[in-house]
Amino acid sequence: MSEDQIKNLETEFEARIARDEKIEPKDWMPEKYRQTHIRQMSQHAHSEIVGMLPEANWITRAPTLRRKVALLAKVQDEAGHGLYLYSATETLGISREEMYEQLHTGKAKYSSIFNYPTVSWADMGTVGWLVDGAAIINQVPLCDTSFGPYARAMIRVCKEESFHQRQGFEIMMFLAKGTPEQKEMAQDALNRWWWPSLMMLGPIDAESTHTDQSMKWKLKRKTNDELRQKFIDQTVPQADLIGLTIPDPDLKWNEERQSYDFGEINWDEFWQVVKGHGPMNKERMKARVGAWEEGQWVRDAAMAHAEKKQERKQKQAV
């Protein structure tokens, strides 16, 4: 293909983006667009799968049968989200096995938030309320992202994440209205998860290496800083409603901006976790790699069954 032909394709591609048309897997796209989507979509899928680990830790210890069933359903939803997103990413020409290999070797990242421990039942409430709440803020605009399979997958994901957020808030609300010990446990969880939840929306715009291009291609509709501000403005009144205190002494309402001012985020901590030095990075990867290796016999058995079934079909057709 000549340079002129490539330029014409690029011009038409940019025009389609400007018209808010969806780009489908068989459409022509710049290689950088394809690679950018593979990076972001696979990272999203990895985050859903790794995100099951801190919650699965509490399934057997949930305080009531109702809570156990709800948490089990939530973890099952997260597995489904990962599968939707892996399938959508495969349409860009990368295999599931390659994505797993990138995760297991550390080449691919997942959300930094899942490298923190869940040490009490209140953490299940805080993860649902804050972590899934921040995820919704980030993911709802993705329902209108430019790549068709990603946008369609996000519609169902966001509906289910909304349930997860409400489930987490309900847990926190009940704890905050409970005994002094329960309210203290809820406040402690909020203290530990507030700042990592702000960090999970990504570095500040000035230090984000992908935001400008992602905004240009309408992979992202809002910048990291815009998403973070919206999350804070939405969450602070919820904390006030249930009598919990946001652990930020600099938090205050800005009448002029009609938004909250907030304190400095510890970005050194964020980058340490991203680079693999968080409290649970090694344990999370050990669990994922172990599950993959221990599940090899299941994959082999499934493939053997599929091959035998295909052989029987071929014999019957003769």
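(A) Region of interest: the overall build of the protein chain. Helix and strand counts for the protein chain stand at 13 helices and 2 strands. Over its C-alpha trace the protein chain gives a radius of gyration of 22 Å, about what one expects of a compact globule, namely 20 Å for 318 residues. If you line up the protein chain on its principal axes, its C-alpha atoms span 75 × 50 × 35 Å. Buried positions account for 47% of the 318 residues belonging to the protein chain. Restricting to contacts in the protein chain with at least 6 residues of sequence separation, those with at least 24 account for 76%. Within the protein chain, the 48 negative side-chain charges are centred at a point lying 6 Å from the centre of the 43 positive side-chain charges.

(B) Focus on the pattern of salt bridges. Per the stated rule, a full pass over the model turns up 20 salt bridges. For the salt bridge of K74 with E55, the shortest nitrogen-to-oxygen distance reads 2.4 Å. A residue pair is termed long-range when its members are at least 10 positions apart, and K74 in helix 4 (residues 65-90) and E55 in helix 3 (residues 52-56) qualify at 19 residues. Note that R221 and D144 form a salt bridge whose closest N and O atoms lie 3.4 Å from each other. One end of the pair, R221, is in the loop between helix 9 (211-216) and helix 10 (224-241); the other, D144, is in the loop between helix 6 (121-139) and helix 7 (148-176), and 77 residues separate them in sequence. One salt-bridge network, held together by shared partners, links E12, R16, R19, E21 and D27.

(C) Broad picture of the side chain of Q229. Here Q229 lies in helix 10. Judged by its relative accessible area of 15%, Q229 falls in the buried class. Polar contacts involving the side chain of Q229 include one to the side chain of S259, which spans 3.2 Å. Here Y260 takes part through its backbone oxygen, which lies 2.8 Å from a polar atom of the side chain of Q229. When residues no more than four places from it in sequence are discounted, the contact partners of Q229 are R257, S259, Y260 and F262.

(D) Examining the nonpolar core more closely. One finds W129 and W194 to be the most contacted residues of the largest nonpolar core, which totals 74 residues. Ranked by residues supplied to this core, first place goes to helix 7 with 10 residues. In contact with W129, not counting residues within four places along its chain, are Q165, G168, F169, M172, L190, T235, Q238, A239, I242 and L244.

(E) Representation of the packing of helix 4 against helix 5 (residues 96-105). Taken N-terminus to C-terminus, the directions of helix 4 and helix 5 make an angle of 115°; their axes are 9 Å apart at the nearest point. Here helix 4 lies roughly perpendicular to helix 5, going by the angle between them. Remark: the crossing between helix 4 and helix 5 carries right-handed chirality. In this structure, helix 4 uses L83, Y86, S87, T89 and E90 to contact helix 5, whose residues at the interface are R96, M99, Y100 and L103.

(F) Structural context of the side chain of H164. Tracing the backbone through its elements, the reader meets H164 in helix 7. The exposure class of H164 is buried, given its relative accessible area of 0%. Residue contacts for H164: discarding those within four places in its chain leaves K74, D77, E78, H81, G128 and D132.

Procedures and definitions
- Residues numbered from 1 in each chain as written.
- Predicted model: local features only at pLDDT ≥ 70, side-chain atom pairs only at ≥ 80, totals over all residues.
- Heavy atoms only, no water.
- Helix = DSSP H or I, 4+ residues; strand = E, 2+ residues; numbered from the N terminus.
- Rg over C-alpha atoms; globule rule 2.2 N^0.38 Å.
- Buried < 20%, exposed > 50% of the residue type's maximum accessible area, 1.4 Å probe, protein only.
- Contact = heavy atoms within 4.5 Å.
- Lys, Arg positive; Asp, Glu negative; His and termini not counted.
- Charge placed at Lys NZ, Arg CZ, Asp CG, Glu CD.
- Salt bridge = Lys/Arg side-chain N within 4 Å of Asp/Glu carboxyl O.
- Polar contact = N/O pair within 3.5 Å; in protein donor to acceptor, adjacent residues only side chain to side chain.
- Core = buried A, V, L, I, M, F, W, Y, C linked by side-chain atoms within 4.5 Å.
- Axes fitted to C-alpha atoms, helices over the stretch in contact; angles between N-to-C directions.
- Parallel < 35°, antiparallel > 145°, perpendicular 65-115°, else oblique.
- Left-handed = near helix turned anticlockwise from the far one by under 90°.

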